[in-house]
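Each chain, written out:
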Amino acid sequence: MATPTCPFCWRSSAVTFFWFSHSRSSWGSSSRKRLGSGRTELARAIFGVDPLRGGVIRLEGDPIRVASPRAAIDQGIYLIPEDRKACGLLLDVSIAENISLPDLSSYLRFFLVNTVQETENARGQRERLKIRAPDVGTTVGSLSGGNQQKVVLAREMSRDLR
């Protein structure tokens with residue numbers, strides 16, 4: 001497993017995950033002075049949520065164009081939301097369900113979720129990221145904040161990457 005190269009990104013062989021602790025309260029309208037470092041705005045532009053105002057996005061050295069979040073995902077770029085409780089997790093469902101949710105179609109068998117495959121994948125991610133929970137059936141809302149963040153990261157890492 002790759003190690004973090006900076007406090008804001010984790011690099012796998014084919015994809016970089018960004019996560020931020022930057023507060024949205026520093027966002028302002030264009031007529032007001034912006035506070036903060038702009039990390040959130042940069043991540044949103046890289047992911048295609050906001051328009052890129054300048055510069056070039058490179059993936060593995062090659063320039064790419066990201067017009068939308070769907071285009072970013074298709075190119076192996078994922079955004080870890082800074083507000084995990086509001087945007088990143090379903091607190092009332094299990095770890096396994098949170099991890100499988102964005103890629104649910106890969107767990108479907110005859111329009112039913114293959115819970116065996118879903119649980120196996122979640123167990124693997126739990127071991128890999130050392131998520132502290134009795135089992136993957138534990139509701140995410142009962143986990144500590146750090147373990148909730150690990151579930152968000154596990155969800156993105158379990159997707160079918162290129």
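All figures in this text were calculated on a predicted structure; none of them were measured in a lab.

What counts and what doesn't
- Residues numbered from 1 in each chain as written.
- Predicted model: local features only at pLDDT ≥ 70, side-chain atom pairs only at ≥ 80, totals over all residues.
- Heavy atoms only, no water.
- Helix = DSSP H or I, 4+ residues; strand = E, 2+ residues; numbered from the N terminus.
- pLDDT = per-residue confidence, 0-100.
- Contact = heavy atoms within 4.5 Å.
- Expected span 1.5 Å × (residues − 1).
- Buried < 20%, exposed > 50% of the residue type's maximum accessible area, 1.4 Å probe, protein only.
- Arc of directions from axis to C-beta.
- Core = buried A, V, L, I, M, F, W, Y, C linked by side-chain atoms within 4.5 Å.

Bringing the environment of isoleucine 64 into the picture now. By the secondary structure assignment, isoleucine 64 is in strand β4 (residues 62–64). Separated by eleven residues in the primary sequence, isoleucine 64 and glutamine 75 place their C-alpha atoms 8.7 Å from one another.

Okay, the confidence of the model for the protein next. Model confidence for the protein is summarised by a mean pLDDT of 79, while 76% of its residues fall at 70 or above. Low pLDDT (under 50) marks residues 1–33, which in the prediction has 70 contacts with non-local residues, meaning those over four places away or in another chain.

Attention shifts here to helix α5 (residues 115–129). A rise of 1.5 Å per residue sets the reference length of α5, with its 15 residues, at 21 Å; its end C-alpha atoms lie 21 Å apart and thus fit the reference within 8%. What α5 keeps buried is the set Glu118, Ala122, Gln125 and Leu129. Along the long axis of α5, the arc covered by the buried residues comes to 60°, so they all point the same way. What points out from α5, more than 90 degrees from its buried face, is the exposed set Val116, Glu120 and Glu127. On the buried face of α5, the contacting elements are α4 (95–100), β7 (112–113) and α6 (145–157). Looking at the residues trailing α5, positive phi occurs at lysine 130, about 55°.

Each α-helix turn comprises 3.6 residues. Residues three or four places apart therefore point the same way. Its 13 residues place the ends of α6 18 Å apart at the C-alpha level, agreeing with the 18 Å of an ideal helix rising 1.5 Å per residue. Among the residues of α6, Asn147, Gln148, Val151, Val152, Leu153, Ala154, Arg155, Glu156 and Met157 are the ones counted as buried.

Glancing now at the nonpolar core. One finds Ile95, Ile99, Leu129, Ile131, Val140, Leu143 and Val151 to be the most contacted residues of the largest nonpolar core, which totals 17 residues. Listed by contribution, the elements that provide at least two residues to this core are α4, α5 and α6. In terms of nonpolar packing, the next biggest core, distinct from the first, is built from ten residues, Ile57, Ile64, Ile73 and Ile77 among them.

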